[in-house]
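Each chain is listed here by its residues.
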Amino acid sequence: MGQTIIEKIVSRNIGAESVKPGEIVTVNVDRVMIHDIFIPFVAEKFEEMGFTKLWDPDKVVLIYDHMVPASTVDDIRHFKIGDAFAEKYGMKHVHRSDGICHQLMTECGYAKPGDIVFGTDSHTTTYGCVGCFSSGIGYTEMASILGTGELWIRVPETIKVVINGKLPENVTSKDVILRLIGDLGADGATYKALEFSGSTVDDMTVASRMTMSNMAIEAGAKAAVFAPDEKTAEYSKVKLSDVDWIYGDEDASYCRTITYQAEELVPVTACPSQVDKIRDVKEVAGTKLDQVFIGSCTNGRLEDLKAAAEILDGKKVADYVKLIVTPASRKIYKEAADAGYLKILAKAGAIITQPGCGLCCGRAGGILTDGERVLATNNRNFLGRMGTSKVEIYLASPKTAAASAVAGEITEA
């Protein structure tokens, strides 16, 4: 019997010939990520457990992104605790204002194909875009890994998602993953892995795949993976021949297979206030907006800013709409500036912020109040995420967002 991608990664990690879904195994962790919100809790729990040193300082990454720049006085406490912990235990990889943790983990090469990576954030599933098993955990589990380098897991079942054909011009990977979440439901992949394949996936950039693996958690997935290809190898700076074992076998056992034909997909949006409440954009077209947000670890990459700039070039954001654009990292910010995308967005009326989580986590720059409505490219539209509980949040692709910013209402690109 063949194996899924996740089963291959786990079995190779623990030195077993094979593993089966449901097995409890202890894996050797290749890398961990802690962000600024959780570092005080991780630090406290680590020392409470009696550890006196990190299992491997080179494998621990601390990233300040949710609270940068500080929007409350208490944020500074997190920075001070994080800096003190990093200095005390000799942590080598600390990013204080370089961008969003999930962007940096693959951009900086911390998460590589075939790795097992854990982070103190649910969207750690993002790194599956390069073919690694990555998942979010709590601060107690993280503290335990910091001291031992190990974590027990239950091998997840895998749902195979096959997408074939060519996507329509106004449909992006964001529309694909939103459609899948709508079909699965918010709990339809709970503690399962999603494995993506098909000719559409083969044509996608690594950035587009990141969007899909990022949002897999919105269906409850434990992980989401793509088989590495030449694009992955170039992005991750590895030899394809070293990672070409990472693919799902033809005779692997999947708990479910879902198939889509790309040409049949259309622009969609997640309507307030559930990520799985998916409607075709044309069904809600004409819905007036107060704000549009393009950014986050879901859609703040260079290709997203390029798509928005192409739509906004020579146009103006509607007078009564605020358009906020947040690049996912400092590197992307610079590349977008060098390519002229930021100039186009600024001329159109966009507010361009520093790289970081910002509005997505409702902490800095752009929160809304009762009765206001925002169309955003991030991953969650829960009540109260971007302001009060009476703010309506719609989720869509950067193309839909840019077109809607010009129209002042939800519309197709």
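This text goes with the structure placed above it.
Now for a look at the structure at hand. For clarity, every value in this text was computed on a predicted model and none was experimentally measured.

Attention shifts here to the layout of surface pockets. Empty space among the atoms becomes visible once a probe the size of a water molecule is rolled across them. One number sums up the size of the largest pocket: a volume of about 660 Å³. The wall of the largest pocket is formed by 24 residues, among which Val171, Thr172, Ser208, Glu303 and Lys399 lie closest to the centre. Contributions of two or more residues to the lining of the largest pocket are made by helix H6 (173-184), helix H7 (199-203), helix H8 (206-215), helix H13 (302-312) and helix H16 (398-407). In terms of residue count, H13 provides more of the lining of the largest pocket than any other element does, 6 residues in total. The residue inventory of the lining of the largest pocket, partitioned by class, reads 7 nonpolar, 8 polar and 9 charged.

In this structure, Gly136 sits in strand S6 (residues 133-136). For Gly136, a relative accessible area of 26% gives the class partly exposed. When the C-alpha positions of Gly136 and Gly300 are compared, they lie 20 Å apart, and in sequence the two are 164 residues distant. Ignoring sequence-local partners within four residues, the contact set of Gly136 consists of Gly119, Asp121, Ser122 and Thr124.

With that settled, consider the packing of aromatic side chains. Scanning all chains against the criterion turns up 10 aromatic pairs. Aromatic ring contacts, followed pair by pair, group Phe46, Phe51, Phe85 and Tyr89 into a single cluster. Against the face of Tyr247 rests Lys8, its NZ or CZ located 3.5 Å from the ring centre. Stacked on the ring of Trp245, the Lys or Arg Arg12 has its end atom at 4.1 Å from the ring centre.

This part takes up the sheet that holds strand S11 (residues 256-261). The strand order across the open sheet built from 4 strands is S10-S9-S8-S11, with neighbouring strands paired in parallel fashion. Each edge of the open sheet is held by one strand with a lone partner, namely strand S10 (223-226) and S11. The mean angle between the axes of side-by-side strands here comes to 20 degrees, regardless of whether they run parallel or antiparallel. Summarising the sheet, strand S9 (residues 192-197) and S10 pair through 4 bridges and their orientation is parallel.

Moving on to the packing of H13 against helix H15 (residues 341-348). Direction vectors running N to C along H13 and H15 enclose 45 degrees, while the axes themselves pass 9 Å from each other. Of the possible angle classes, the one that applies to H13 and H15 is oblique. Both H13 and H15 take part in a crossing whose hand is left-handed. Residue-level contacts link Leu302, Leu305, Lys306, Ala308, Ala309 and Leu312 of H13 to Tyr341, Leu342, Ile344, Leu345 and Ala348 of H15. Looking at the contact of H13 with H15 residue by residue, the classes come out as 10 nonpolar, no polar and 1 charged.

As for its position among the elements, Glu195 is in strand S9. Among buried charged residues, Glu195 stands out as having no salt bridge; its nearest opposite-charge side chain is Lys160, 5.6 Å away. Sequence-distant contacts of Glu195, defined by excluding residues within four places in its chain, comprise Thr4, Ile5, Thr158, Ile159, Lys160, Val161, Val225, Gly248 and Tyr254.

About the cut-offs
- Residues numbered from 1 in each chain as written.
- Predicted model: local features only at pLDDT ≥ 70, side-chain atom pairs only at ≥ 80, totals over all residues.
- Heavy atoms only, no water.
- 1 Å grid on protein atoms, 1.4 Å probe; cavity = no way out; pocket = protein on both sides within 12 Å on 5 of 7 lines; lining within 4 Å.
- Points joined across faces, edges and corners; volume = space filled by probe spheres on them.
- Helix = DSSP H or I, 4+ residues; strand = E, 2+ residues; numbered from the N terminus.
- Nonpolar A, V, L, I, M, F, W, Y, C, P; charged D, E, K, R; others polar.
- Buried < 20%, exposed > 50% of the residue type's maximum accessible area, 1.4 Å probe, protein only.
- Contact = heavy atoms within 4.5 Å.
- Phe/Tyr/Trp six-rings, centres within 6.5 Å; stacked < 30°, edge-to-face > 60°.
- Lys NZ or Arg CZ within 6 Å of the ring centre and 35° of its normal.
- Pairing = 2+ DSSP bridges.
- Axes fitted to C-alpha atoms, helices over the stretch in contact; angles between N-to-C directions.
- Parallel < 35°, antiparallel > 145°, perpendicular 65-115°, else oblique.
- Left-handed = near helix turned anticlockwise from the far one by under 90°.
- Lys, Arg positive; Asp, Glu negative; His and termini not counted.
- Salt bridge = Lys/Arg side-chain N within 4 Å of Asp/Glu carboxyl O.

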